[in-house]
Amino acid sequence: MKDPVVVPSEEPAKRAKTRTKAIKAKDFDLEADSLPEAIIDAAYHSGNYPYGKRMKRKRYNREMEPLQIELQKLTRWTAKHGERIVIVFEGRDGAGKGGTIARFTQHLNPRQARIVALPKPSDTEKGQWYFQRYAAQMPTAGEIVFFDRSWYNRAGVERVMGFCKPEETEQFLKEAPVFEGMLARDGVRLIKLFLTIGREMQMTRLHARWHDPLKRWKLSPIDFESVPRFDDYSRAFDEMLSRTSTEAAPWHVVRSNDKLRARLNAIRHVLKAIPYKGKDEAAIGLLDEDIVIPVDRYLDNGGEPES
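Values in this document were obtained by computation on a predicted structure and should not be read as measured data. Chains are numbered independently. Their residues run from 1 in the order of the written sequence. In keeping with the predicted nature of the model, local features appear solely for residues at pLDDT of at least 70, side-chain atom pairs appear and are counted solely at 80 or more, and the whole-chain, interface and lining totals rest on all residues. Neither water nor hydrogens contribute to the side-chain values; these are computed over all heavy atoms in the structure.

S.K.: Mind showing me how you'd approach the overall build of the protein chain here?
M.R.: The number of helices and strands found in the protein chain is 12 helices and eight strands. Computation of the radius of gyration draws on C-alpha atoms, with the globule rule given as 2.2 Å multiplied by the number of residues to the power 0.38. Against the globule reference of 19 Å for 307 residues, the protein chain gives a C-alpha radius of gyration of 19 Å, in line with a compact fold. Buried means the residue's accessible area, taken with a 1.4 Å probe over protein chains only, is under 20% of the maximum for its type, while exposed means over 50%, and partly exposed covers the values in between. Counting all 307 residues of the protein chain, 52% fall into the buried class. Contacts between residues were defined by any pair of non-hydrogen atoms, one from each residue, lying within 4.5 Å. Taking the contacts inside the protein chain whose residues are at least 6 apart along the sequence as the reference set, 79% of them involve residues at least 24 apart. Accessible surface computed for the protein chain: about 15100 Å², of which carbon and sulfur atoms make up 49%. Side chains of the protein chain give 53 positive and 45 negative charges; the mean places of these two sets differ by 6 Å. Strands are runs of DSSP state E lasting at least two residues, helices are runs of H or I lasting at least four, and both sets are numbered from the N terminus onward. Surface exposure here means Shrake-Rupley accessible area, sampled with a 1.4 Å probe, where a residue is shielded only by the protein chains that are shown. Residues scored as charged are limited to Lys and Arg (positive) and Asp and Glu (negative), so that His and the chain ends carry no count. Note on charges: their place is set at NZ of Lys, CZ of Arg, CG of Asp or CD of Glu.

This is the structure:
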C-alpha cells in the first residue's frame, strides 16, 4: 500500500522536554521495511499527546496489580448482587482496544466477564433491526460484558467506508441514545470508552502489525484505509461522540499513544464509576484527567485530531 499521506506538524507536547520540529509530507508505505524517521519521531507526541516520555514498565506493573485485585472485588460484587455491566470500547484502528480489554479480563473468571467481538453481520442479521444482534449479547444477572467494538460501527467504520447510507447513519445517531436509555432504565450499568491516538502513532502501530507474523491477523482490509481516511474518521467520530453522549451513557475519551497509561487509567475510570463493596481508593489511585477525558471537555478542546 503506497497511498501518500500528509504528516501534520505538531505543537509542543504539554509535558515534553524537547520541542518537536515541523514535519514535511512523507509517503506512508505499510509494506516498507522501515518508516521514515520523521513519522517515528513524531509518533509519541502526535495528536497533541500530553506526556513527553513513555511510562516505565516497572511502574506500570507496580500500579496494575492492585487495580486487577480491585477488578476481582468488582466481579464478586457483580455476581453477588446480580448486577449487569456493559463496557463499550470504541476508537481508532491501532488504539489498543484489544490489549486494554485483555488487561481488564486477565485474571477474571470468564464465566462472569465475557468479551464480545462480533464479525460482520450475516445476510440474516442484515435484515434485522440494527441493534438486534447486540441486544442478544447483553449481560445476564451477575455478568460483565466487554464489547470490543459495538453498535457504534455504524457511526464510524460503516459511515466512512460507505457500508451504510447517510440516512441510516442519521437514524442510528438518533436511536443509539434511545437504545442505551432503555438499557439504563432496565438496570444495566453502561460505560463507554473511546480510545484515540495520533496519526503518526497509528502509522507506526499498523506498520508494526504488518511486519509481525504473530500480529498480522489483526489487520483487515478496512485497517488499510484508516490512514488515508484519518480526517474522515475524525469528523465522523466527533459527531458520534457529540450526539450519543448522554447522562445515562456518557462517553469518556482515553488518549492512548502510551498504551501503559491508557490501560491503567481505563481500569481506574471503570473502578471509580461503579459503587462496588470494599472499594480501596488508595489502591485505585488518582485518575489521570489528561488521559481519560469527559467528552464535552475533549470536544471543547478541538476533538479528534486532523492533518
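S.K.: Please clarify how the pairing of strand β3 (residues 84-91) should be interpreted in this entry.
M.R.: One face of the sheet, then the other: side chains in a regular strand alternate in exactly this way. Buried residues dominate β3, accounting for seven of its eight residues. A pair of strands is treated as paired once DSSP finds two or more bridges between them. Sheet analysis places β3 next to strand β6 (residues 188-196), joined by eight bridges and oriented parallel. Note on β6: the bridge partner recorded for E90 is F194.

S.K.: Would you explain the packing of helix α3 (residues 97-105) against helix α10 (residues 259-273) in this entry?
M.R.: Helix-helix packing is described using two parameters, namely the angle between the two axes and the distance between the axes. In this analysis an axis means a line fitted to C-alpha atoms, helices contributing only their contacting stretch, and an angle means the value between N-to-C directions, from 0 to 180 degrees. Across the interface, α3 lies against α10 with an axial gap of 10 Å and an inter-helix angle of 55°. Comparing their axes, α10 and α3 come out oblique. The hand of the α3/α10 crossing is right-handed. Together, G99, T100, R103 and F104 of α3 and R263, A266, I267 and V270 of α10 make up the contact between the two elements. Basically, the charged four are Asp, Glu, Lys and Arg, the nonpolar ten are Ala, Val, Leu, Ile, Met, Phe, Trp, Tyr, Cys and Pro, and anything else, Gly included, counts as polar. Split by residue class, the contact of α3 with α10 holds four nonpolar, two polar and two charged. Roughly parallel covers angles under 35 degrees, roughly antiparallel covers those over 145, roughly perpendicular covers 65 to 115, and oblique covers all other angles. Take the far helix as your reference; a near helix turned counterclockwise from it by less than a right angle gives a left-handed crossing, and one turned clockwise gives a right-handed crossing.

S.K.: Looking at this structure, how should I read helix α9 (residues 230-244)?
M.R.: In an α-helix, one full turn covers 3.6 residues, which means residues spaced three or four apart are oriented alike. Expected helix span is computed as 1.5 Å times (number of residues minus one). With 15 residues, α9 should reach 21 Å at 1.5 Å per residue; the first-to-last C-alpha distance of 21 Å fits that figure. Within the span of α9, buried status applies to F230, D231, Y233, S234, A236, F237, D238, M240, L241 and T244.

S.K.: How do you make sense of the environment of A273 when you look at a structure like this?
M.R.: Here A273 is to be found in helix α10. Take A273: its relative accessible area is 44%, and that puts it in the partly exposed class. Sequence spacing of A273 and G99 is 174 residues, and the spatial spacing of their C-alpha atoms is 21 Å.

S.K.: I tried to follow the pattern of salt bridges on my own but got confused; where do I start?
M.R.: Close approach of charged atoms allows side chains with opposite charge to pair. What counts as a salt bridge is simple: a side-chain nitrogen of Lys or Arg found within 4 Å of a carboxyl oxygen of Asp or Glu. Across all of its chains, the model carries 21 salt bridges by this definition. Between K73 and E70 there is a salt bridge, with the nearest N and O atoms lying 2.8 Å from each other. Of this pair, K73 and E70 both sit in helix α2 (residues 57-81), three residues apart, which is roughly one turn of the helix. Given the relative accessible area of 2%, E70 is considered buried. The partner of R243 in a salt bridge is E170, with the nearest N and O atoms 2.8 Å apart. You can see R243 sitting in helix α9 and its partner E170 sitting in helix α7 (residues 166-185), a full 73 residues away along the chain. Of the residues examined, R243 reaches a relative accessible area of 30% and is grouped as partly exposed. Through salt bridges with shared partners, a single network forms among R159, E170, K174, E239 and R243.

S.K.: Mind showing me how you'd approach the packing of aromatic side chains here?
M.R.: How two aromatic rings sit relative to each other is given by the distance of their centres and the angle of their planes. Any Phe, Tyr or Trp ring, taking Trp's six-membered ring, that has another such ring centre within 6.5 Å forms a pair; planes under 30 degrees apart are called stacked, those over 60 apart edge-to-face, and the others tilted. Counted by the stated rule, this structure contains 22 aromatic pairs. Aromatic side chains W151 and Y152 sit 6.1 Å apart centroid to centroid with 35° between the ring planes, which places their arrangement in the tilted category. Accessibility assignment for this pair places W151 and Y152 in one class, buried. For the pair W151 and F179, a centre-to-centre distance of 5.4 Å together with 85° between the ring planes defines the contact as edge-to-face. With W151 in the loop between β5 (143-148) and α6 (157-160) and F179 in helix α7, the pair connects residues that are 28 residues apart, well separated along the chain. Both residues of the pair, W151 and F179, belong to the buried class. Counting as a charge over the ring demands two things of the Lys NZ or Arg CZ atom: a distance within 6 Å of the ring centre and an angle within 35 degrees of the ring normal. A cation over a ring is seen here: R92 above F230, with NZ or CZ 3.8 Å from the ring centre.

S.K.: Mind showing me how you'd approach unusual backbone geometry here?
M.R.: Note: most residues except glycine have negative phi, and most peptide bonds are trans. Its identity as a non-glycine residue notwithstanding, N48 has a phi of 55°, on the positive side. With respect to the helices and strands, the residue N48 is situated in the loop between α1 (37-43) and α2. The exposure class of N48 is partly exposed, given its relative accessible area of 43%. Of note, R149 is a non-glycine position whose phi angle comes to about 75°, a positive value. On the secondary structure map, R149 appears in the loop between β5 and α6. Residue R149 is classed as buried on the basis of its relative accessible area, which comes to 19%.

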